[in-house]
Amino acid sequence: MPSMTEPAQMSAPMTSPMILADGIRKRFGAHEVLKGVSLTLAKGEVVAVIGPSGSGKSTFLRCLNHLETIDAGRIVIEGEVLADSDSHGRARYAPDADVRRICRRMGMVFQHFNLFPHLTVLQNVVEAPITVKGMKRDAILPGAEALLKKVGLYDKRDAYPARLSGGQKQRVAIARALAMEPDIMLFDEPTSALDPELTGEVLRTMRQLADEHMTMLVVTHEMGFAREVASRVVFMDGGELIESRPAGEFFANPQHPRTRAFLDSML
């Protein structure tokens, strides 16, 4: 295995996946949450990750962008090694500066929005490019306003999060993530905290991103979104990746008994 004491500077070949996760293991105390999960995500692909609560879906997503550290396995983002296992099978990460740089290629949208309550909608969107990238506010504003128009919230740019509905907050969160110009978008159950009537507006925004060929990995309970928008659906259960197939085939003819049982329970 490559040494992780050296900066990860591999250049990605044209066929390199956007995300390569191989044999990811993660333990919280005595409980092994991820049991050797492997997944690749190609450029422009939309992959929906489904499965019962507690199956490890959100933990897997958080491991990909270093919100959680893995115990073993290999994570490569656009050809650059984020983490790899050493000769003892323990995960070793790239140097901190490389980790931060690599992770900036991924935007993350959380279940509970995580907006700054003391900042307006527009301030929430421009905050990360200013603080993380060191960009000037005047340089960011046109793009930030364009993103708010994209998610249908330009008229709310001076409002504070407390004055927004849950669906509006989540669309601001999507605009905020896009403001960092990521190559990959990660969504962790983005509609599960929303009332059903607000879910549609967030899913429409995500569908628009998919139509624009944004590379997306989406943990979701929305079977309609997975069926209609995802190019591939992945089923996780008990910390394992049980099945991964093109969306149409996945729903029409699931292969694994655990997948079939889960889909039957969702109908």
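Up top is the structure these notes are about.
All values reported here derive from a predicted model rather than from experimental measurement. (Residues numbered from 1 in each chain as written. Predicted model: local features only at pLDDT ≥ 70, side-chain atom pairs only at ≥ 80, totals over all residues. Heavy atoms only, no water.)

### Description of the overall build of the chain
Regarding its fold elements, the chain presents 9 helices and 11 strands. With the C-alpha coordinates aligned to their principal axes, the bounding extent of the chain is approximately 50 × 50 × 40 Å. Burial status across the chain gives 52% buried among its 267 residues. A separation of at least 24 residues holds for 65% of the contacts in the chain among residues at least 6 apart in sequence. (Helix = DSSP H or I, 4+ residues; strand = E, 2+ residues; numbered from the N terminus. Buried < 20%, exposed > 50% of the residue type's maximum accessible area, 1.4 Å probe, protein only. Contact = heavy atoms within 4.5 Å.)

### Some points on the environment of Gly89
The residue Gly89 is located in the loop between strand E5 (80–85) and strand E6 (91–93) in this model. Considered as a pair, Gly89 and Gln168 are 79 residues apart in the sequence and their alpha carbons are 44 Å apart. When neighbours within four sequence positions are excluded, Gly89 is seen to be in contact with Asp71 and Ala72.

### Focus on the sheet that holds strand E7 (residues 106–109)
If you trace the 6 strands from one edge of the open sheet to the other, you get E7-E8-E9-E3-E10-E11, paired in mixed fashion. Since the sheet does not close on itself, it has two edges, and those belong to E7 and strand E11 (240–246), each with one partner. Looking at each pair of strands side by side, their axes are set apart by 15° on average, direction ignored. Judged from the 6 bridges that link them, strand E10 (residues 232–237) and E11 form a sheet pairing that is antiparallel. Opposite Met236, over in E11, you have Leu241 as the bridge partner. (Pairing = 2+ DSSP bridges. Axes fitted to C-alpha atoms, helices over the stretch in contact; angles between N-to-C directions.)

### As for the nonpolar core
Ranked by size, the top nonpolar core spans 51 residues in total, and within it Ile174, Met185, Phe187, Met206 and Met216 carry the most contacts. Filtering out sequence-adjacent residues up to four positions away, Met206 remains in contact with Ile174, Phe187, Pro190, Met216, Val218 and Phe225. Grouped together as the second largest cluster of nonpolar side chains are 34 residues, Ile24, Leu64, Ala94 and Cys103 included. (Core = buried A, V, L, I, M, F, W, Y, C linked by side-chain atoms within 4.5 Å.)

### A short note on the pairing of strand E1 (residues 19–28)
As judged from the 8 bridges shared by E1 and strand E2 (residues 31–41), these two strands associate in the antiparallel manner. Pairing of Arg25 across the sheet is with Lys35, part of E2. In sequence, E1 turns back onto E2 through a hairpin of 2 residues, with Gly29 there showing a positive phi of about 65°.

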